[in-house]
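# Residue-level structural notes
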Amino acid sequence: MNIRINLSSREKEESSSSSLWDWTSPKEDLFNPDVEYGTLVDARDGHEYKTVVIGEGDKVQEWMAENLNYAVDSSKCYMEVPHYCDKVGRYYTWLQAIDTACPEGWHIPSSNEWNTMRQNLWGNPDVRLAGVVYPDEIKTKLKTALYWERDSVPNLNSTGFSVFPAGYWKTTDAYNEFVAFGYSAVFWMAKMETWSVESIIIGWDANADHIRTGLREKTDFASVRCVRNRAQIVGTD
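Residues numbered from 1 in each chain as written. Predicted model: local features only at pLDDT ≥ 70, side-chain atom pairs only at ≥ 80, totals over all residues. Heavy atoms only, no water.

## Section: the confidence of the model for the chain
Across the chain, the average pLDDT comes to 79, with 73% of residues at or above 70. Confidence drops under pLDDT 50 across residues 1–16; counting only partners more than four residues distant or on other chains, this segment forms 42 contacts. Contacts of residues 194–198 to residues separated by more than four positions or lying in other chains number 16 contacts, the stretch itself having pLDDT below 50. (pLDDT = per-residue confidence, 0-100. Contact = heavy atoms within 4.5 Å.)

Shown next, in the form of structure tokens:
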């Protein structure tokens, strides 16, 4: 059954700027200094991104450890301030994300690839991604130690994946603005064949202490994390 996540009253009431956020601090504050990161250089514009390897063997994955910041026509920076993109990346519609966002050799992750990450961190292959509420221990492995409002679980960012609460841009007839900044992170993923034509997102919600999947309108703007094509990961076939 498809799950639609509607804009909640909490999202509407939350400020569009987190009181914990410091735009003057270095981007390095988002990462775990104890993690050995890789580097991705986007040949299209020269941007460098930290990457992180999660898993091993036939489940090994290499992910971007920060949000994509490749300028696509009509993509957005937070509050329309260009230099904010340098810290939190850009926001894209689903079509922008699928068609042009990721650099060569990388792609928008599918539901199966997000599920593989979950299995790498949790180890239960019998629970599928859609509709699952995850244990807090996964949040401690994925979320930045800073900038999350109302978070009851310590964030250790032990994997270095560095999820931070960039929120998203909600597009409706009556509501067009950034929401949930400081409270949640939303990433596009490729549509599963068994789901409807609407887009699918993954969100980390600090206020509700869970990770969830759901549907968003393709005209919303969300963050992008690319995953490396498996054939290009060193040590895999």
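## What about the pattern of salt bridges?
The final tally for this structure, using the stated rule, is six salt bridges. Here aspartate 42 ties to arginine 44 by a salt bridge, and the two come within 2.7 Å at their closest N and O atoms. (Salt bridge = Lys/Arg side-chain N within 4 Å of Asp/Glu carboxyl O.)

## Some words on the packing of aromatic side chains
Both the distance between ring centres and the angle between the ring planes are used here to describe each pair of aromatic rings. All told, the structure shown has 13 aromatic pairs when counted by the stated rule. Ring pairing ties together the aromatic residues Trp23, Tyr78, Tyr84, Tyr91, Trp169, Phe178 and Phe181, which thus form one cluster. Directly above the aromatic system of tyrosine 70 lies the positively charged group of arginine 44, at a separation of 3.5 Å from the ring centroid. When the ring centre of tryptophan 148 is taken as reference, the NZ or CZ atom of lysine 143 above it lies at 3.9 Å. (Phe/Tyr/Trp six-rings, centres within 6.5 Å; stacked < 30°, edge-to-face > 60°. Lys NZ or Arg CZ within 6 Å of the ring centre and 35° of its normal.)

## Digging into the state of the cysteines
Any covalent bond linking the sulfur atoms of two cysteines counts as a disulfide. Applying the stated rule across the entire model yields two disulfides. Across the disulfide, cysteine 77 is cross-linked to cysteine 85 (sulfur-sulfur distance 1.9 Å). Because the sign of the S-S torsion sets the handedness, a value of about -115° for the bond joining cysteine 77 and cysteine 85 places this disulfide among the left-handed ones. Both residues of the pair, cysteine 77 and cysteine 85, belong to the buried class. The disulfide partner of cysteine 102 is cysteine 226, and the gap between their sulfur atoms is 2.2 Å. Looking along the S-S bond of the cysteine 102-cysteine 226 disulfide, the torsion reads about -95°, which is the left-handed sense. Remark: cysteine 226 occurs in the loop between β9 (210–216) and β10 (227–228) and cysteine 102 occurs in the loop between α3 (94–101) and β4 (106–107); sequence separation between them is 124 residues. Across the pair, cysteine 226 and cysteine 102 agree in class, each one buried. If the cysteines joined by disulfides in the chain are listed in sequence order, their pairing comes out as 1-2, 3-4. (Disulfide = S-S within 2.5 Å. Buried < 20%, exposed > 50% of the residue type's maximum accessible area, 1.4 Å probe, protein only. Helix = DSSP H or I, 4+ residues; strand = E, 2+ residues; numbered from the N terminus.)

## Points about the nonpolar core
With 22 residues, the main nonpolar core has Met64, Leu68, Tyr92, Val224 and Cys226 as its most contacted residues. Elements represented by at least two residues in this core include exactly α3 and β7 (184–189). Looking at this core, the element that brings in the most residues is α3, giving three residues. Setting aside its immediate chain neighbours within four residues, valine 224 contacts Glu66, Asn67, Leu68, Tyr92, Ala97, Cys102, Ile108, Phe187 and Trp188. Membership of the second largest hydrophobic core comes to 19 residues, among which are Tyr37, Ala65, Leu121 and Trp148. (Core = buried A, V, L, I, M, F, W, Y, C linked by side-chain atoms within 4.5 Å.)

## So, the environment of threonine 171
In this structure, threonine 171 sits in strand β5 (residues 168–171). In this structure threonine 171 comes out as partly exposed when scored by relative accessible area, which is 21%. Those residues within four positions of threonine 171 in sequence are excluded, and the remaining contacts are Asn176, Thr219, Asp220 and Phe221. Of note is the side chain of threonine 171, whose polar atom sits 3.0 Å from the backbone oxygen of threonine 219. (Polar contact = N/O pair within 3.5 Å; in protein donor to acceptor, adjacent residues only side chain to side chain.)

## A few points about unusual backbone geometry
If you check the backbone angles, serine 74 has positive phi at about 75° while not being a glycine. Relative to the helices and strands, serine 74 is located in the loop between β3 (61–64) and α2 (85–88). Given the relative accessible area of 58%, serine 74 is considered exposed. For serine 162, which is not a glycine, the phi torsion comes out positive at approximately 60°.

## Digging into the pairing of strand β6 (residues 176–179)
Judged from the four bridges that link them, β5 and β6 form a sheet pairing that is antiparallel. Each bridged residue has a counterpart across the sheet, and for threonine 171 the counterpart in β6 is asparagine 176. The loop that links β5 with its antiparallel partner β6 comprises four residues. (Pairing = 2+ DSSP bridges.)

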